[in-house]
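Chains, contacts and geometry: an overview
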Protein chains: 4
Amino acid sequence: MTTIRAGIYGASGYAGLDLVDIISQHPNIEPVFGTSNIYAGEAIPNSDLVFVPPDSVSLDNVDVIFLALPHKAAAGMAKKGVEAGVKVVDLSADLRINSPEVYEKYYDTVHPHPELLPVIYGLPEINREQIKGIDVVATPGCYPTATLLGLYPLLQCDAVQPNLPIVVDAKCGVTGAGRKPSLTTHFAEVYSNLSPYKTGRAHRHIGEIEQEAHKINNSIGPIVFSPHLLPVDRGLMSSIYVTLNDSMTSDKVYDLYCSIYGDEPMVDVLPPGKYATLKQVVKTNKGAISITPVLDNYVHITSVIDNLRKGTSGQAIQNTNLMFGFEETLGLL
Amino acid sequence: MTTIRAGIYGASGYAGLDLVDIISQHPNIEPVFGTSNIYAGEAIPNSDLVFVPPDSVSLDNVDVIFLALPHKAAAGMAKKGVEAGVKVVDLSADLRINSPEVYEKYYDTVHPHPELLPVIYGLPEINREQIKGIDVVATPGCYPTATLLGLYPLLQCDAVQPNLPIVVDAKCGVTGAGRKPSLTTHFAEVYSNLSPYKTGRAHRHIGEIEQEAHKINNSIGPIVFSPHLLPVDRGLMSSIYVTLNDSMTSDKVYDLYCSIYGDEPMVDVLPPGKYATLKQVVKTNKGAISITPVLDNYVHITSVIDNLRKGTSGQAIQNTNLMFGFEETLGLL
Amino acid sequence: MTTIRAGIYGASGYAGLDLVDIISQHPNIEPVFGTSNIYAGEAIPNSDLVFVPPDSVSLDNVDVIFLALPHKAAAGMAKKGVEAGVKVVDLSADLRINSPEVYEKYYDTVHPHPELLPVIYGLPEINREQIKGIDVVATPGCYPTATLLGLYPLLQCDAVQPNLPIVVDAKCGVTGAGRKPSLTTHFAEVYSNLSPYKTGRAHRHIGEIEQEAHKINNSIGPIVFSPHLLPVDRGLMSSIYVTLNDSMTSDKVYDLYCSIYGDEPMVDVLPPGKYATLKQVVKTNKGAISITPVLDNYVHITSVIDNLRKGTSGQAIQNTNLMFGFEETLGLL
Amino acid sequence: MTTIRAGIYGASGYAGLDLVDIISQHPNIEPVFGTSNIYAGEAIPNSDLVFVPPDSVSLDNVDVIFLALPHKAAAGMAKKGVEAGVKVVDLSADLRINSPEVYEKYYDTVHPHPELLPVIYGLPEINREQIKGIDVVATPGCYPTATLLGLYPLLQCDAVQPNLPIVVDAKCGVTGAGRKPSLTTHFAEVYSNLSPYKTGRAHRHIGEIEQEAHKINNSIGPIVFSPHLLPVDRGLMSSIYVTLNDSMTSDKVYDLYCSIYGDEPMVDVLPPGKYATLKQVVKTNKGAISITPVLDNYVHITSVIDNLRKGTSGQAIQNTNLMFGFEETLGLL
């Protein structure tokens, strides 16, 4: 098994830093460079590298590039990577939405490189076979990962009551808001607080959640998605409330999830009576799901991940393993 | 205006301590004793008193007793207070449920004094007129306060779609779990964590939420109530998701709440675009509510309180003010 | 007793916000304006005012101005206040250092208005008589307040061994670093962390600590002052380690502190065996001190305050009360 | 290289849980059992085992036992281990103090097995050669580890001024207080707080700090040791203040530390201008040290560790590696 050489763009953000940390434990990925404008010249933690400016690096000596960049910036680098013949693992939103029109609706800007679309959505538990061996992958957002993992078995077996809203009350730690300082992420504003933001139908992640959910099952009702900023550094919980249709009763949902996720190495379904909590997944690359039957036709699902791991960088490496033919969990357990 | 003399049972718990703190700022309530078995002999913070054992005090010199006691224990003291002719402000669950049978269902024990039932439910924004001048009041639980305040205007004007579940995804700080040490409240278990517990239909507070909701509007569907333990010390958020019936559209809900709560001194309705957060209410005796129209017939309501203030002790004093004919907000703003 | 009209410059910072909050509970101070460039037009919490730009206000209708401004900016406003005949309560560092040369040494900039110096140092427990009735006061910094209160009785009775260093290991919550966003105050950088900064002899507050300490006792050795950023929002602890001279033994220090602080309304000396902790003072305007005899000639003193209250805004109001002839604790207990 | 079989006593405490977690990543240690009375029958996280009662296990199939037990309980098991011919890694205080009399002084109880004393003190950076191949090791306490690592180079080269106190202002997260629930570790008591405890000369860890320090250099003055409970779950900082003797100046201390720790795999000495912080070491098995020259003859040293890793369980494995002839850092980096 060969070692692949990786270039990391945006290595000084929280996703980038976690990516380097994971790669440092991966036996078959060698980091070659990590870019940062702000921190250029400083040592990259968990590596022997120093941050370098993005325009100082070449794609000649890498096999794969990771794009932990803001949207808009990522697409341009993805284009260069494709042209240079290196594999591209995008962690931004640029390649997640299949249609430039829908992208423009949610991101309020013209897509910089629509010719790259569509790209396979890198959620291995749903799209594993399509991810194997591909050259470009769109790593999902953190909220969509937890939400889609929580809903997938019900969507897959067509057990959701059509037309009625699916409620997703979500909570995420502050690293989900990025490393750039702002009043929103100031310690004294967040500490001891809990804040909803962009609730209902206003958050951008609804675009990719509904896009991917509808591919599996296009008869479901609208996703009502209300995120909250949690006073912790990392961890994400999607609390999902679903009305079942006549094909399913809530007491059978646990068995359904076990049958679908039983062999999944990166998703744990908790036994009845146990709840998924942040601590179970923080600093791991796995998700955990717990299920509470509420009424005969109503179920409450808790889906948790580390927003920077299974929600971003851990999943990026899971995809990388599939793209290069490595064991899917290599370096992740 | 006369000063009333107050005895506080269970003064060393978190609710009791906050009660003493509020009373210390109240111009017309004089604390006469505060009981505690564990802390007997120690100074009571924010007062000139020391904790005394409950069996060492007499009701002869008090006008009102506050019962910040565990359920079962409170009812017995309430009985004694009634017999002694002092007013009783119960902060426990014992007097909240109108029917002994329903109490037994939710608390898994025979009601110790069913002859005391029913007692007026002390949520002034709903039952103000009934609370004025009464002798015994049942102060609501923290989750029911936030949830009922968040739902009340919709219930009152009959705007909720019948039969469909109302989702209440709730989050509360650790003081909500009481001061008795346990692994659940151990710092290292809670810190950086978020944990659901007793979700769906399992939590005791559903009993009083549905009892009071049905008094206003008995055509609503079941309450789906999922509480979570937040890694903060105080503060409570009920995130409420409601399907509206044909009499209402979501864009009119804000005006409805303003019309019903506009003159309420202890409830703030936030303007469109602002969200209710814990920080706005922690260490205050007020609640705050924000409203997000989601779909034409679907609305997301965020209702926040300090679980120990508007959720317990602040509300107890608000009731006390009404019971003794004081200005309702005396000592609370 | 007349009500005074107050203008607050820098009302949107953490000190300014706390100042407005305290004033809202003060019976004899009426806030007239609060300035902010960034938040101009928004409501000022705990008041009926909106933030206004600083150049839009006049000093014609105020009796006192509070300067919760950055150093350099404050001196200019202080000058204008003096010229307009209003009293000036400066919360910045500009008026604390008596000599422009020493100011330049610690702040690395020429003092903008040396003609204002020296100004009375507004620590009432030490300088009460001098503060009464004056027109301009320099409110001490948060670290100097806790440190000087902790040392004062030993300095006052000349009980400190000369020449040997006095160790001050200090810890402060994040509001001490101001409200302007930076990576230093980013939630994810501070949470779960503890960081020393500018330790030894590097922090600016050494200037005013030694200036005021030497006025009382100029034979003491150097202050070794090591601050740390605590992962809490507010609260400050100075842990002070002092070698006593032959005039004192450590078992008598508690009595000394009781004799000096026994009548102080804003400083509590804790009984032997009790420790001063942040919780005892956060959100109060008081300090607390505990004393541990370590060796016959060695003592450990813990001095705690809320950095925004007794450490800044509460103390500013304590000074204001003295300057206007009000009861010193008015609005503060 | 053979795999050794390990039995873990006290596996459900915080030290025990971290030990199992570290062992799960160690290529040459196989966990055979983990004991717990309270959690018997439940799954042990990060392993395939379930907790078993301590009296249900045999020493026949293990090569080493780890004692993550309370003091007094540990010594008895150590005795049994010695008699059974298995290696013993004690994480309790029972084997750290060389003399039963000194043990009794600090632990206020007769030593249960004085015949086991003295045992090598398992701080590899100081006692590496003595630890190699031994059968019983006493793993140091968390405060002593950070403090001794911070002082060792100065002690070793005899650079400390005799007679004057060495000040150690220490801070530790809540896992340092163990997992047994108590009011001290209740979330709502610790959150937003900072509390000194057993300051000066009262904490038990002074016994082993001075014992080991005096072995290296018996002319130093008394250790003044003031621990504080930090509102974080893990991490420990010893802030050390030392007067140097004439053989050393503060500007040479950094070079001294580099020369002594330069080849140490588990201790990082930070370059001038950088400070050791909790985040640098939490969840790692390493310590970090930063040095600030304060005066010519005075230095401030910050020494940080994860109290459960380099402070307990990580160090236990470092010792185990030395005892069994493995690479010292195996499974720890």
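Residues numbered from 1 in each chain as written. Chains lettered and ligands numbered in written order. Predicted model: local features only at pLDDT ≥ 70, side-chain atom pairs only at ≥ 80, totals over all residues. Heavy atoms only, no water.

**Notes on the overall build of chain A**
The following threshold applies: Going along the chain from the N terminus, every DSSP run of H or I of four or more residues is numbered as a helix, and every run of E of two or more is numbered as a strand. We compute the radius of gyration over the C-alpha atoms and compare it with the globule rule, which gives 2.2 Å times the number of residues raised to the power 0.38. Only protein chains enter the accessibility calculation, which uses a 1.4 Å probe. A residue is then buried if its area is under 20% of the maximum for its type, exposed if over 50%, and partly exposed in between. Only heavy atoms matter for contacts: two residues are in contact if any of them lie within 4.5 Å across the pair. Only the protein chains shown count as cover for residues, with accessible areas throughout obtained via the Shrake-Rupley method and a probe of 1.4 Å. None of His or the chain ends enter the tally, which takes Lys and Arg as positive and Asp and Glu as negative. Each charge is placed at NZ for Lys, CZ for Arg, CG for Asp and CD for Glu.
In terms of regular secondary structure, chain A is built from nine helices and 14 strands. Taking 20 Å as the expected radius of gyration for a compact globule of 333 residues, we find that chain A reaches 19 Å, a close match to that expectation. Taking the principal axes of the C-alpha coordinates as reference, chain A spans close to 60 × 45 × 40 Å. The buried share of chain A, taken over its 333 residues, is 62%. Here the analysis covers contacts within chain A between residues at least 6 apart in sequence; of these, 69% occur between residues at least 24 apart. Summing over all exposed atoms, chain A offers an accessible surface of approximately 11,500 Å²; the carbon and sulfur share of this is 50%. Looking at chain A, you have 24 positive and 35 negative side-chain charges, and the mean spots of the two groups are 3 Å apart.

**Here's the deal with the environment of Asn 193 of chain C**
Among the structural elements, Asn 193 of chain C can be located in the loop between α6 (187–190) and β8 (195–196). In the structure, Asn 193 of chain C is positioned 95 residues away from Asn 98 of chain C in sequence and 36 Å away in space, judged by C-alpha atoms. Sequence-distant contacts of Asn 193 of chain C, that is, excluding residues within four places in its chain, are made with Leu 229 and Pro 231 of chain C together with Val 232, Thr 277, Leu 278 and Lys 279 of chain D.

**Some words on the sheet that holds strand β12 (residues 287–295) of chain B**
Residues and elements named next belong to chain B. Heads up, the condition is: At least two bridges found by DSSP between two strands is the condition for calling them paired. Axis angles are defined between N-to-C directions and span 0 to 180 degrees, where every axis is a line fitted to C-alpha atoms and, for a helix, only to the segment in contact.
Pairing in this open sheet of seven strands is mixed, and the strands run β8-β9-β7-β10-β13-β12-β11 from one edge to the other. At either end of the open sheet lies a strand with only one pairing partner, and these are β8 (195–196) and β11 (267–269). For strand β10 (residues 236–243) and strand β13 (residues 298–305), the ladder comprises eight bridges, and the chain directions are antiparallel. By the bridge assignment, Val 242 is partnered in β13 with Val 299. Set on the sheet, helix α5 (residues 142–156) makes contact with β7 (166–172), β9 (223–229), β10, β11, β12 and β13; between it and β10 the angle comes to about 35°.

**Topic: the interface of chain C and chain D**
Stated formally: Salt bridges are identified by distance alone: a Lys or Arg side-chain nitrogen within 4 Å of an Asp or Glu carboxyl oxygen. As used in this structure description, the phrase polar contact means that two N or O atoms lie within 3.5 Å; if the pair is within protein, one of them must be able to donate a hydrogen and the other to accept it, and residues adjacent in sequence are counted only when both atoms belong to side chains. For this classification, Asp, Glu, Lys and Arg are treated as charged, while Ala, Val, Leu, Ile, Met, Phe, Trp, Tyr, Cys and Pro are nonpolar and the rest, including Gly, are polar.
At the interface, 39 residues of chain C touch 39 residues of chain D. Summed over the shared surface of chain C and chain D, the result is two salt bridges. For Lys 171 of chain C, the salt bridge identified is with Asp 169 of chain D, shortest N-O distance 2.9 Å. Summed over the shared surface of chain C and chain D, the result is 24 residue pairs in polar contact (both at pLDDT 80 or more). For the side of chain C that touches chain D, the residue count by class is 21 nonpolar, 12 polar and six charged.

**Observations concerning the domain arrangement of chain A**
All names here are of chain A. Definition in use: For each domain, the first and last residues come from an automatic or database assignment. Buried area, as used here, totals the accessible surface that two parts lose on assembly, with accessibility defined by a 1.4 Å probe and the loss added over both.
As far as domains go, chain A holds domain 1 (4–118) and domain 2 (143–307). Counting residues at the interface gives 14 residues for domain 1, matched by 15 residues for domain 2. The junction of domain 1 with domain 2 conceals about 1,300 Å² of combined surface from both sides, 45% of it contributed by carbon and sulfur atoms. If you look at where domain 1 meets domain 2, you find two salt bridges. The shortest N-O distance in the salt bridge between Arg 96 and Glu 208 comes to 3.1 Å. The class makeup of the residues in the side of domain 1 that touches domain 2 is seven nonpolar, four polar and three charged.

**Thoughts on the relation of the copies chain C and chain D**
Put simply, the rule is: The copies are overlaid by a least-squares fit using only the C-alpha atoms of residues whose pLDDT is at least 70 in both copies.
Superposition of chain C onto chain D requires a rotation of 180° combined with a translation of 0.0 Å along the rotation axis, giving an RMSD of 0.0 Å. On the angle and the small slide along the axis, the relation comes out as a two-fold axis. When you check the interface residues of chain C against chain D, 100% turn up at the interface there too, and the contact is symmetric in its surfaces.

**Remarks on the packing of helix α5 (residues 142–156) of chain D against helix α7 (residues 205–216) of chain D**
Residue and element names in this part refer to chain D. The line we're drawing: If an angle is under 35 degrees, it is roughly parallel; if it is over 145, roughly antiparallel; if it lies from 65 to 115, roughly perpendicular; otherwise it is oblique. A crossing counts as left-handed when the near helix is turned anticlockwise from the far one by less than a right angle, and as right-handed when that turn is clockwise.
Two elements in contact, α5 and α7, have axes whose closest approach is 10 Å; the angle formed by their N-to-C orientations is 20°. Taken together, the axes of α5 and α7 are roughly parallel relative to one another. Like other packed secondary-structure pairs, α5 and α7 cross with a definite hand, here right-handed. Contact residues: α5 offers Cys 142, Tyr 143, Pro 144, Thr 147, Leu 148, Tyr 152, Leu 155 and Gln 156, while α7 offers His 205, Glu 208, Ile 209, Glu 212, Ala 213 and Ile 216. Residue composition of the contact of α5 with α7, grouped by class: nine nonpolar, three polar and two charged.

**Remarks on the pairing of strand β8 (residues 166–172) of chain A**
Residue and element names in this part refer to chain A. The element β8 is extensively covered by neighbouring structure, given that seven of its seven residues are classed as buried. Alternating residues of β8 divide into Ile 166, Val 168, Ala 170 and Cys 172 and Val 167, Asp 169 and Lys 171, and every residue in both groups is buried. As defined by bridge partners, β8 adjoins strand β10 (residues 223–229) across seven bridges and the pair is classed as parallel. Residue pairing across strands places Cys 172 opposite Leu 229, the latter belonging to β10.

**What to know about helix α7 (residues 205–216) of chain A**
All names here are of chain A. How we decide: To estimate how far a helix should reach, multiply one less than its number of residues by 1.5 Å.
For α7, which comprises 12 residues, the first-to-last C-alpha distance of 17 Å matches the rise-based estimate of 16 Å (1.5 Å per residue) to within 8%. The buried fraction of α7 amounts to nine of the 12 residues, a majority that puts the element mostly inside the structure. Where the residues of α7 are buried, they touch α3 (100–107), β6 (120–121), α4 (124–131), α5 (142–156) and β10.

**A look at the pairing of strand β1 (residues 4–9) of chain A**
All names here are of chain A. The test is simple: Viewed with both strands pointing away, a crossover whose connecting path from the first strand over the helix to the second turns clockwise is right-handed.
Along β1, five of the six residues are buried, which leaves the element largely enclosed by surrounding structure. The pairing of β1 with strand β2 (residues 29–35) spans five bridges and is classified as parallel. Of the residues in β2, the one forming a bridge with Arg 5 is Glu 30. A crossover connection joins β1 to the parallel β2 through helix α1 (residues 14–24); in handedness this β-α-β unit is right-handed. Two strands pair when backbone bridges link them, and β1 and strand β4 (residues 64–67) are joined in this way by four bridges, in the parallel orientation. By the bridge assignment, Tyr 9 is partnered in β4 with Leu 67.

**Observations concerning the environment of Lys 105 of chain C**
For Lys 105 of chain C, the location among the structural elements is in helix α3 (residues 100–107). A C-alpha to C-alpha distance of 25 Å links Lys 105 of chain C and Lys 180 of chain C, two positions 75 residues apart in sequence.

**Some details on the sheet that holds strand β4 (residues 87–90) of chain C**
All names here are of chain C. What the six strands build is an open sheet, ordered β2-β1-β3-β4-β6-β5; its pairing is parallel. In this open sheet, the two edge strands, each paired with only one partner strand, are β2 (29–34) and β5 (120–121). The sheet contact formed by β4 and strand β6 (residues 136–138) spans three bridges and is parallel. Residue Val 88 lies in a different strand from β6, and its bridge partner there is Val 136.

**Description of the relation of the copies chain B and chain A**
Rotating chain B by 180° about the axis while translating it 0.0 Å along that axis superimposes it on chain A, leaving an RMSD of 0.0 Å. Looking at chain B, 100% of its interface residues are interface residues in chain A too, so the copies touch through the same face.

**Thoughts on the pattern of salt bridges**
All names here are of chain B. Under the definition given, this model contains 78 salt bridges over all chains. Put simply, Glu 83 and Lys 79 hold a salt bridge, and the shortest N to O gap is 4.0 Å. You can see Glu 83 and its partner Lys 79 sitting in helix α2 (residues 73–84), four residues apart, about one turn around the helix. Taking relative accessible area as the criterion, Glu 83 reaches 58% and is therefore assigned exposed. Among the residues examined, Lys 79 registers a relative accessible area of 22% and is labelled partly exposed.

**What about the packing of aromatic side chains?**
Operational definition: What counts as a ring pair is set by centres within 6.5 Å for rings of Phe, Tyr and Trp (its six-membered ring), and what kind of pair is set by the plane angle: stacked under 30 degrees, edge-to-face over 60, tilted for all other angles.
All chains considered together, the criterion is met by 36 aromatic pairs over all chains. For the pair Tyr 191 of chain A and Tyr 191 of chain D, a centre-to-centre distance of 4.8 Å together with 25° between the ring planes defines the contact as stacked. Here the residue Tyr 191 of chain A occupies a position in the loop between α6 (187–190) and β9 (195–196), and Tyr 191 of chain D occupies one in the loop between α6 (187–190) and β9 (195–196), the pair thus bridging two chains. Given the relative accessible area of 1%, Tyr 191 of chain D is considered buried.

**A word on the side chain of Asp 94 of chain C**
Residue and element names in this part refer to chain C. Considering the arrangement of structural elements, one finds Asp 94 in the loop between β4 and α3. No salt bridge is formed by the buried Asp 94; its nearest oppositely charged neighbour, Lys 72, is found at 7.6 Å. There is a polar contact of 2.8 Å between the side chain of Asp 94 and the backbone nitrogen of Lys 72. Of note is the side chain of Asp 94, whose polar atom sits 2.5 Å from the side chain of Tyr 103. Leave out the neighbours within four places in its chain, and Asp 94 touches His 71, Lys 72, Ala 73, Ala 74, Ala 75, Tyr 103, His 111 and Leu 117.

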